[in-house]
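Secondary and tertiary structure notes
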Amino acid sequence: MPDGARLEHDSRETLLTLDDVTMRVRDRKLLAHTNWTVRRGEQWAVLGPNGSGKSTLVRTVAGEIPSASGHVRIRSGERISLVSFERQQELYTRELELDHARHFADKTDDILTPRKLLGGDGKSDRKGHAPHGLEIAHLLDRPFRHLSAGEMRKALIVRALAAAPTLLVLDEPFDGLDRRSRESLSGYLERIISDGCHVILVTHRADEILPGVTHVLALRDGEVVGTGRREEMLDATKLESLYGAPLERRRRPGGSVGRSPAESAQEPLVELAGVTVRYGEHVIIRDLDWRLLRGERWGIFGPNGSGKTTILNLIVGDNLQGYSNDVRVFGSKRGTGESIWALKRRIGIVTPTLQLGYRHSITGLEVVLSGFFDSIGLYRRPSEAEVAAARRWIETLGIGDLADRHFTRLSYGQRRLVLIARAMVKGPELLVLDEPCQGLDPRNRHSVLDAIDTACETSQASLLYVTHHDDEHPHCLTHVLRLGAAGESATVEEYSL
Amino acid sequence: MAKMTFGGVEETVVTREEYPLEKARDILRDETIAVIGYGVQGPAQALNMRDNGFRVIVGQRKGGKSWEKAVNDGWVPGETLFDVEEATRRGTIIQYLVSDAGQKALWPKIKACLNKGDALYFSHGFSIVYKEQTGVVPSPDIDVILVAPKGSGTSVRANYLDGSGINSSYAVFQDATGRAEERTIATGIAIGSGYLFPTTFEHEVHSDLTGERGVLMGALAGIMEAQYEVLRKNGHTPSEAFNETVEELTQSLIRLVGQNGMDWMYANCSTTAQRGALDWKPRFKKATLPVFEELYSSVINGKETEIVLRANSADDYREKLDAELAELGGSEMWQAGKTVRSLRPENWKK
């Protein structure tokens, strides 16, 4: 039997066995000598800090990466489906590459849509319907790359379900989904589990572990540090020691909680007047009036597709309809001779799309340095002072070990931390953070939120902050813009917990 | 302008370090740039210039998909989006970014709307170089200029947004205002060029036409077919013949050539491959040199253009073309390629 083989077997009771398996990603060996057995009727959650090897483990199970040694045994007849961030990135990257061919052939309309991705309308899952709340009918004919991160995730989940899997491997499936979608998805997963489908769930959030999960595998630093039944594994003390951090973020003493800098004049940094964004018949934002004064820290909340990201993009210059609307940023109306680089220079940005954009291999430090030029990739030579500033932020966020590693080889959560340093490095007047905690373990989540609060306390920086989770609000928020479903009217309120 | 040495030959290059955006904005401060055609190159260049803070308007036939796309991209009908003639009248630099065939057809309308002192801008020199055949003859009181980005519209936009820029060549065909060159370079910077290489309309077109007929497509497909045929005639299977002719080239070799050059490839292969490739290279060169000579003169004397324009205007052009393409697509080699591609590791699970 060759080493590193993937074998089928006929046992009735055992779905999956990893027998002394060592994984390999490019030239790195990971998760040396791993043993793991999944038996019939068991539903597993895989937990561990960022970069501990969770995605590598489940990708090996799904057959996406080969094991370097040992044996992976799968019960014959199992149909495995995987939903993962890597899949999403792969599709997104391929879309961009195909653009060259499309432009060459002058066929720019031939783009990937959820309908093409699904090879149909996505209703052909085992029950004949997409899960309630994950309906994507309204997204079917939109360009895949224009979907929000949460919408892309929904399309991939529906695709995975359409294959009627017997073993469903979900790597952070709830990321980017609004509360209602998360509840629908978990309800749906509970139902297919009771129908006999097996589930392996990777998650960073204890509250996302489905009630039906029976077992937990814990990883840390590329090693399995524990497996066992749910009751014994989901013990708060054990989890805190696994993550090296408390599960709940502690309220920091002192701190300027929810307070705008006292001297803040009534200087508007952003003004939207009667803003409407539409694509043909599809209205994303309707007639929105809103403004942000210097020093204010706003949370923008609302369901998937309600226009949160669109608002951010109008402000940072990435939404082209900013030019056909009355959008004023730093006092000047868009389309009156300003360049987007002049805007970007004053804004620090972290978004899931930005993270997808870094596809070339550069180091963590170089990614942080690219913040000085607002480039995706580093194309100019930074000064010594800039390098020093970048290193200071890397230190502040406690990610010194990532500085010299290749960005594209970091875990999802590690990449996010590097991007936060990139946003902070130039001392922006306005911070725009679109789900900055997505994909982060409790410890990193707390350091990111602490870093945001620190930035707000020690500077005049204003903040625009998007999240789907109540426990991901930084303490420094002062106001809330609450958006309804697509095109419905928005409300504005003072922030209170 | 900076001097750079390419293989021992010195060339002049404009860099964005010596020619910052601010300088371009200053030179074009009183200009309105009208982008005619919102198809492939048009959107990329128009969006980049607008994002750089230049005054840009779009000219596009009303109704239709491209008009709708322009509206989605934030162009406002009556303010920054007009029909072709109105945009041409309003612009001072008119970027003529429709297809070669479209340029010929649309020219009488454009010509009537150009004003004295305007600059007529191209990203491909075809219509001007072959003006006797295309009829695109601008009056002597306007500038005729060119900036040709070395990449698709997609790269022009994507590289701009990620902050890297794209390299372009530029040329002046006619300088009526005495400002033609500075307008050209400033517009080149405005559309997001990193480096700008000087050329002429003729050289841009002649190298382009020679390249696509030669190494880039015509010659490449031709020698692939020849090698494939010989391998097949001598008993090799289609998959083996395809792998040795196309697959290894496209999947590994050409990427290494892209990164390191063919010289590196020669220095870093097995002795067997190295000896043979060194010995056979001169023989292929000798065999093809006369064909390239013939090709180049056919480009220069306008014969190639004549063929294209005549074929394009024939009533049954589409049918004849479809038949030719079907023959190529149905050939054993490219059918074999379809199967070989489906067996690539990354496609196993699809």
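The next thing to look at is the overall build of chain B. A count of helical and extended segments in chain B gives 17 helices and 10 strands. Based on the C-alpha atoms only, the size of chain B along its principal axes is roughly 70 × 50 × 50 Å. When each of the 350 residues of chain B is scored for burial, the buried share is 42%. Surface accessibility of chain B: about 18,300 Å² in total, with carbon and sulfur atoms responsible for 56%. Taking the average location of the 40 positive side-chain charges in chain B and that of its 48 negative ones, the two points are 2 Å from each other.

Moving on to the interface of chain A and chain B. Taken together, the contact pairs 28 residues of chain A with 28 residues of chain B. Carbon and sulfur atoms make up 52% of the surface buried where chain A meets chain B, a total of about 2,300 Å² over both sides. On inspection of chain A and its partner chain B, the count reaches 0 salt bridges. Where chain A packs against chain B, one counts 8 residue pairs in polar contact (both at pLDDT 80 or more). Put simply, the parts of the chain that give the side of chain A that touches chain B at least two residues each are helix 2 (85-104), strand 11 (268-279) and helix 9 (340-344) of chain A. At 7 residues, the largest contribution of residues to the side of chain A that touches chain B is made by helix 2 of chain A.

Turning to the sheet that holds strand 20 (residues 491-494) of chain A, a few remarks are in order. Residues and elements named next belong to chain A. Reading across from one edge, 16-17-18-13-19-20 is the order of the 6 strands in this open sheet, with mixed pairing throughout. Both edges of this open sheet fall to strand 16 (347-350) and strand 20, since each of them pairs with a single strand only. Pairwise comparison of adjacent strand axes, ignoring direction, gives a mean angle of 15 degrees for this sheet. For strand 13 (residues 297-301) and strand 19 (residues 479-482), the ladder comprises 4 bridges, and the chain directions are parallel. Considered in strand 19, the bridge of F301 is made with R482. Strands strand 16 and strand 17 (430-434) of the sheet are contacted by helix 13 (residues 412-424), whose axis makes an angle of about 170 degrees with strand 16. On the sheet, helix 14 (residues 442-458) packs against strand 13, strand 17 and strand 18 (462-466) and is oriented at approximately 155 degrees with respect to strand 18.

A few words on the sheet that holds strand 3 (residues 28-39) of chain A. All names here are of chain A. The strand order across the open sheet formed by 4 strands is 1-5-2-3, and the pairing between neighbours is mixed. Only two strands of the sheet have a single neighbouring strand rather than two, namely strand 1 (5-9) and strand 3. Strand-to-strand twist across the sheet, computed as the mean angle between neighbouring axes with direction ignored, equals 15 degrees. Pairing geometry for strand 2 (residues 14-25) and strand 5 (residues 67-75), over 6 bridges, is antiparallel.

What follows covers the layout of surface pockets. Where empty space is left in the structure can be found by rolling a water-sized probe over the atoms. Residues and elements named next belong to chain B. As a volume, the second largest pocket reaches approximately 1,700 Å³. Around the second largest pocket sit 34 residues that line it, and L220, I223, L249, L253 and M262 are the ones nearest its centre. Among the elements of the structure, helix 11 (218-233), helix 12 (238-260), helix 13 (262-267) and helix 14 (271-300) are those that each provide at least two residues to the lining of the second largest pocket. Per-element tally for the lining of the second largest pocket: the top contributor is helix 14, with 11 residues. Of the residues that constitute the lining of the second largest pocket, the class distribution is 21 nonpolar, 7 polar and 6 charged.

Nonpolar side chains tend toward joint burial in soluble globular proteins. All names here are of chain A. Residues L47, L168 and L189 are the most contacted members of the largest nonpolar core, which totals 44 residues. Sorting elements by how many residues they give to this core places helix 4 (residues 149-162) first, with 7 residues. Setting aside its immediate chain neighbours within four residues, L189 contacts L168, L170, F174 and L210. Grouped together as the second largest cluster of nonpolar side chains are 42 residues, I362, V418, L419 and L463 included.

A word on the environment of L309(B). Residues and elements named next belong to chain B. Among the secondary structure elements, L309 is positioned in helix 15 (residues 303-313). A relative accessible area of 17% places L309 in the buried class. Remark: the alpha-carbon pair of L309 and D100, spanning 209 residues in sequence, is separated by 9.5 Å. Contact partners of L309, with chain neighbours within four places excluded, come to K104, F126, Q133 and T134.

Moving on to unusual backbone geometry. Residues and elements named next belong to chain A. Here F330, not a glycine, exhibits a phi torsion of approximately 50 degrees, which is positive. By secondary structure assignment, the location of F330 is in the loop between strand 14 (326-329) and strand 15 (332-333). Look at E435: it is not a glycine, yet its phi comes out positive at around 50 degrees. You can see E435 is positioned in the loop between strand 17 and helix 14. Judged by relative accessible area, which is 7%, E435 ranks as buried.

Residue and element names in this part refer to chain A. Within the secondary structure, R422 is located in helix 13. Salt bridges are absent for the buried R422, whose nearest opposite-charge side chain, D374, sits at 5.3 Å. A distance of 2.8 Å separates a polar atom in the side chain of R422 from a polar atom in the side chain of Y358. Here the side chain of R422 touches S370 through a polar contact of 3.3 Å, side chain to side chain.

Before going further, it helps to spend a moment on the pattern of salt bridges. Residue and element names in this part refer to chain B. Within this structure, the stated rule accounts for 37 salt bridges over all chains. Among the ionic pairs, E182 bridges to R179, the shortest N-O distance being 3.1 Å. Judged by relative accessible area, E182 falls into the partly exposed class, the value being 34%. A salt bridge links R318 to D322; its shortest N-O distance comes to 3.4 Å. Here D322 and R318 lie together in helix 16 (residues 317-330), a separation of 4 residues that amounts to about one turn. With a relative accessible area of 37%, D322 lands in the partly exposed category. Within this structure, E31, D143, R179, E182 and R183 form a network of salt bridges that share partners.

Residue and element names in this part refer to chain A. Overall, the predicted model of chain A reaches an average pLDDT of 85, with 91% of residues at or above 70. Every residue in residues 124-128 scores below 50 in pLDDT, and together they form 14 contacts with partners more than four places removed in sequence or on other chains. Residue range residues 254-259 is modelled with pLDDT below 50. Its contacts to residues more than four positions away, or to other chains, number 10 contacts.

Cut-offs and rules
- Residues numbered from 1 in each chain as written.
- Chains lettered and ligands numbered in written order.
- Predicted model: local features only at pLDDT ≥ 70, side-chain atom pairs only at ≥ 80, totals over all residues.
- Heavy atoms only, no water.
- Helix = DSSP H or I, 4+ residues; strand = E, 2+ residues; numbered from the N terminus.
- Buried < 20%, exposed > 50% of the residue type's maximum accessible area, 1.4 Å probe, protein only.
- Areas by Shrake-Rupley, 256 points an atom, 1.4 Å probe, with all protein chains shown as cover.
- Lys, Arg positive; Asp, Glu negative; His and termini not counted.
- Charge placed at Lys NZ, Arg CZ, Asp CG, Glu CD.
- Contact = heavy atoms within 4.5 Å.
- Buried area = accessible area lost by both parts, 1.4 Å probe.
- Salt bridge = Lys/Arg side-chain N within 4 Å of Asp/Glu carboxyl O.
- Polar contact = N/O pair within 3.5 Å; in protein donor to acceptor, adjacent residues only side chain to side chain.
- Pairing = 2+ DSSP bridges.
- Axes fitted to C-alpha atoms, helices over the stretch in contact; angles between N-to-C directions.
- 1 Å grid on protein atoms, 1.4 Å probe; cavity = no way out; pocket = protein on both sides within 12 Å on 5 of 7 lines; lining within 4 Å.
- Points joined across faces, edges and corners; volume = space filled by probe spheres on them.
- Nonpolar A, V, L, I, M, F, W, Y, C, P; charged D, E, K, R; others polar.
- Core = buried A, V, L, I, M, F, W, Y, C linked by side-chain atoms within 4.5 Å.
- pLDDT = per-residue confidence, 0-100.

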